[in-house]
Protein chains: 2
Amino acid sequence: MVTINDIAKKAKVSKSTVSKVINNYSGVGDDTKEKVLKIMKENNYWPNSVARSLSTKKSYTIGIFGPQILNNFFFREVFEGIEAVMGDKGYDLLYFTNKQWDESWVDYSYKEKCENRNVDGVIMMGYGKVNIAQFDRLLKSDIPSVFIDLDLVGSNTSYVTSDNTGGARKAVEYLAELGHKKIAMIRGLNGFKVSTDRFVGFQQAIKALNLPYNSEWMFDGDYSMETGYQSMKRILNLDEKPTAVFAEDLIAIGAIKAIRQAGLNVPGDYSIIGFDSIEIGRHYHLTTIAQDQIGLGEAASKLLLNIINKKSFSPIILPTRLIIGETCRKV
Amino acid sequence: MVTINDIAKKAKVSKSTVSKVINNYSGVGDDTKEKVLKIMKENNYWPNSVARSLSTKKSYTIGIFGPQILNNFFFREVFEGIEAVMGDKGYDLLYFTNKQWDESWVDYSYKEKCENRNVDGVIMMGYGKVNIAQFDRLLKSDIPSVFIDLDLVGSNTSYVTSDNTGGARKAVEYLAELGHKKIAMIRGLNGFKVSTDRFVGFQQAIKALNLPYNSEWMFDGDYSMETGYQSMKRILNLDEKPTAVFAEDLIAIGAIKAIRQAGLNVPGDYSIIGFDSIEIGRHYHLTTIAQDQIGLGEAASKLLLNIINKKSFSPIILPTRLIIGETCRKV
DNA sequence: ATAATTAAATAAACCGGTTTCGAAGGAAGT
DNA sequence: ACTTCCTTCGAAACCGGTTTATTTAATTAT
């Protein structure tokens, strides 16, 4: 590997001078500068980021923490948005794996991992309220961080999320417009902010529209097709059945499977409205409340860059949007 | 951030001694070692990876290059396999974004980016024959690298891929078993090794089984539903129509759409067999030749670790497997 | 008691950069 | 001709670690 010393030697100048040229600082004569640039080019030289990071504390690297985000339809798209913005600004992404340190003589967690790698900032996704305690040291540190879908704020922390409450209201309002009164909801994991927010929105709309609320129509589980499938089977056995179901996309697909398996059809017998708009849902022509996943990633990135540059810290709430597919009908 | 110097000062020893304790080297007395460990723990100290990497040239970071791999169903799962193995071995993953360097006074490419970040090795995916020239310097360098689905070998380079030729043969053989004779193939991008391999396998099987080969039944495009959709529409207009179609999953789904749109059905009118077994295909109950995506990622990781440790360089070819869904029937 | 051996600890150089500060040299001012 | 003021440049310290070579101290051998 060719280093700054090699360049300095070949150009017969000191390494300080080369450094000044690299960083385009003043204090270097035009002809010297030209000579150094020429030698750099000839030797295909690029300053080593690691060494640079050691002295500047800036690495042009953004850390990403997120358990299971790679096998998650939703976060995968968020990741895409992050890549677009961060790549554009010259940052690479360091994806922290979940190695368990056996020799863990210290409490080695998010904050330490970030300091350890000198990341300029970190994006956290896929975490719920249950995990909050783990973030304590990170929040108190001066590491710029942005959470996705978890409303944490701090001196160097902020978050982005979708308008989950409003989105859920929108879903109920749409179903009500179509004439539905009895609406079931199957929720994802309880410990996650998005779930509770959507539940709140659901209840707000039910109340505002004076629709019946029946606790037998409320289910929760995890964000899986299985949850949708099992919950729907129970719905199909109820005495008083709802006519429509609101659930996150993957859950909604599970519910559709259960309905079809029972020899019924969507939207003939049940109207189903999803939430998220993940790609798979599109294949089912799911009517859904869409979030802007890529937009979430982009917003998180821009917000993080703002925090890094000490500009703005305000949380960002992105709007949702109704996408009309083929799984809801007028009754 | 607490540094080795802080620890040395508090423990009243030199930093060399602390370093030896960190690395569990000999030459430190038991009581000294214990004292230092205690202070490290009290101060929640963990040695900085960046500084460490600067002197050792080892970063415990694996680079990942791959254009568009985040919005690709296939590579996303490969990524998952990589994370599992690399995480387990204590490596983090550096995902290189595609920033264009305006000030690009040098030919700053794969090799340079790797050297620049001191990655211990790199996994390259999503590249085709067309890109080979760009890898020249990387291959000649001493950076351990593993390509996925591109058969490059070098002193520090190897590759993993699926048995695409065999898999394609398997697809044709299965269709033949079901009684199909006229088989069409819709291929993905021409410049990619996997496409040509599958085409070769297809032709081998056609010949071996003495089936008719008709160039009108051969199509190519990209790996998109649109390609499948458009190609299938053309098939539907042929005078002499095939009875079965072989295509990568996403393409196959596009083909199914075209068939259904024409008022026909699968497998009633056409049998469709896919290749890949991406998650979306499962929702269509696609009969397909499955690759083991996660296995590819795992194999690539293990191979890369072997190269890093100067153990083994042999390319790895993973077997494929027929998954019988509901899109093929006997004729 | 002295020399030789061994173990423990440290000083110093190094990794490849950045940054501060002072020296050298030329131009301008008087 | 002498001071003053820039501009250009390089020496040296620094970032937080590792590693080599050497010193110091304790142990064993003679």
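Computed from a predicted model, the values in this text were never measured in an experiment.

(A) Seen up close, the overall build of chain A. Looking only at helices and strands, chain A has 13 helices and 12 strands in total. For chain A, the C-alpha radius of gyration of 26 Å lies well beyond 20 Å, the compact-globule estimate for 331 residues. Seen through its C-alpha atoms, chain A measures out along the principal axes to roughly 90 × 40 × 35 Å. Expressed as a percentage of the 331 residues in chain A, the buried residues total 56%. Restricting the contact set of chain A to residue pairs at least 6 apart, pairs at least 24 apart contribute 71%. Summed over all atoms, the accessible surface of chain A reaches about 14100 Å², with 49% contributed by carbon and sulfur.

(B) Just the protein's contact with DNA strand D, in detail. Neighbouring residues of DNA strand D: 29 residues in total, closest A:Gly29, A:Thr32, B:Ile4, B:Ser19 and B:Tyr25. Here the atoms of DNA strand D within 4 Å of the protein split so that 58% fall in sugar or phosphate, with bases taking the remainder. One of the side-chain N or O atoms of A:Ser16 is found 2.9 Å from a base nitrogen in DNA strand D. Separating a phosphate oxygen of DNA strand D from a side-chain N or O atom of B:Arg52 is a distance of 2.8 Å. Of all the elements, helix 4 (residues 49-56) of chain B adds the most residues to the surface near DNA strand D, at five residues. When the residues that make up the surface near DNA strand D are grouped by side-chain class, the tally is 10 nonpolar, 14 polar and five charged.

(C) Focus on the pattern of salt bridges. Applying the stated rule across the entire model yields 30 salt bridges over all chains. For A:Asp136, the salt bridge is made with A:Lys140, and the minimal N-O distance between the two is 3.1 Å. One end of the pair, A:Asp136, and the other, A:Lys140, are both in helix 7 (residues 136-140), four residues apart, so they sit about a helical turn from each other. One salt bridge connects B:Arg76 with B:Glu279, and the closest N-O pair in it is separated by 3.7 Å. Here the residue B:Arg76 occupies a position in helix 5 (residues 73-88), and B:Glu279 occupies one in helix 12 (residues 279-283), the gap between them amounting to 203 residues. One salt-bridge network, in which partners are shared between bridges, spans A:Lys129, A:Asp151, A:Lys193 and A:Asp197.

(D) Up close: the domain arrangement of chain A. Assigned domains within chain A: domain 1 (4-47), domain 2 (61-162 + 294-318) and domain 3 (164-292). Here the C-alpha centroids of domain 1 of chain A and domain 3 of chain A sit 63 Å apart.

(E) Spatial organisation of the pairing of strand 3 (residues 121-125) of chain A. Residues and elements named next belong to chain A. Counting buried residues in strand 3 gives five out of five residues, a clear majority hidden from the surface. Residues Gly121, Ile123 and Met125 point to one face of strand 3 and Val122 and Met124 to the other, with burial holding for every one of them. Strand direction decides the pairing type here: strand 1 (residues 61-65) and strand 3, joined by four bridges, are parallel. If you follow Gly63 over to strand 3, its bridge partner there is Val122.

(F) Structural view of the protein's contact with DNA strand C. Taken together, 29 residues are adjacent to DNA strand C, and A:Ile4, A:Ser19, A:Tyr25, B:Gly29 and B:Thr32 come closest. Within 4 Å of the protein, atoms of DNA strand C come from sugar and phosphate in 59% of cases. At 2.6 Å from a phosphate oxygen of DNA strand C is found a main-chain nitrogen or oxygen belonging to B:Gly29. For the surface near DNA strand C, the secondary structure elements donating two or more residues are helix 2 (15-22) and helix 4 (49-56) of chain A together with helix 2 (15-22) and helix 4 of chain B. Partitioned by chemical class, the residues of the surface near DNA strand C number 10 nonpolar, 14 polar and five charged.

(G) Seen up close, helix 4 of chain A. If you check which residues of helix 4 of chain A are buried, you get A:Ser49, A:Val50 and A:Ser53. Burial along helix 4 of chain A is one-sided: seen end-on, the buried residues are contained in an arc of 100 degrees. Considering only its buried residues, helix 4 of chain A is in contact with helix 4 and helix 6 (110-117) of chain B. Of the residues flanking the start of helix 4 of chain A, the one acting as N-cap is A:Asn48, its side-chain oxygen 2.8 Å from the backbone nitrogen of A:Val50. Taken from the residues just after helix 4 of chain A, A:Lys57 is the one with a positive phi, measuring 70 degrees.

(H) Spotlight on the relation of the copies chain B and chain A. In the superposition of chain B on chain A (RMSD 0.1 Å, axial shift 0.0 Å), the rotation amounts to 180 degrees. In the structure described here, the two chain copies are related by an operation that fits a two-fold rotation axis. The C-alpha atom lying nearest the rotation axis in chain B is that of B:Leu94; the distance is 2.2 Å. Here 100% of the interface residues in chain B have copies in chain A that are interface residues too; the copies meet face to matching face.

(I) Seen up close, the side chain of A:Ser162. Residues and elements named next belong to chain A. Along the polypeptide, Ser162 turns up in strand 5 (residues 157-162). Note on Ser162: relative accessible area 2%, which makes it buried. One polar contact links Ser162 to Gln291, side chain to side chain, over a distance of 2.6 Å. Setting aside residues up to four positions removed in sequence, Ser162 forms contacts with Asp149, Gln291, Leu296, Ile317, Leu318 and Thr320.

(J) Geometry of helix 3 (residues 30-42) of chain A. Residue and element names in this part refer to chain A. Over its 13 residues, helix 3 runs 18 Å from end to end, which matches the ideal 18 Å to within 8%, given 1.5 Å per residue. Within helix 3 the residues assigned to the buried category are Val36, Ile39 and Met40. With its buried residues spanning 105 degrees around the axis, helix 3 presents them on a single face. Exposed side chains of helix 3 directed beyond 90 degrees from the buried face belong to Asp30, Asp31, Glu34, Lys38, Lys41 and Glu42. Lining the buried residues of helix 3 we find helix 1 (4-11) and helix 2. At the C-terminal side of helix 3, Asn44 shows a positive phi close to 50 degrees.

Reading the values: the criteria
Residues numbered from 1 in each chain as written. Chains lettered and ligands numbered in written order. Predicted model: local features only at pLDDT ≥ 70, side-chain atom pairs only at ≥ 80, totals over all residues. Heavy atoms only, no water. Helix = DSSP H or I, 4+ residues; strand = E, 2+ residues; numbered from the N terminus. Rg over C-alpha atoms; globule rule 2.2 N^0.38 Å. Buried < 20%, exposed > 50% of the residue type's maximum accessible area, 1.4 Å probe, protein only. Contact = heavy atoms within 4.5 Å. Areas by Shrake-Rupley, 256 points an atom, 1.4 Å probe, with all protein chains shown as cover. Near = heavy atom within 4 Å. Polar contact = N/O pair within 3.5 Å; in protein donor to acceptor, adjacent residues only side chain to side chain. Nonpolar A, V, L, I, M, F, W, Y, C, P; charged D, E, K, R; others polar. Salt bridge = Lys/Arg side-chain N within 4 Å of Asp/Glu carboxyl O. Domains from an automatic or database assignment. Pairing = 2+ DSSP bridges. Arc of directions from axis to C-beta. Least-squares fit on C-alpha atoms with pLDDT ≥ 70 in both. Expected span 1.5 Å × (residues − 1).

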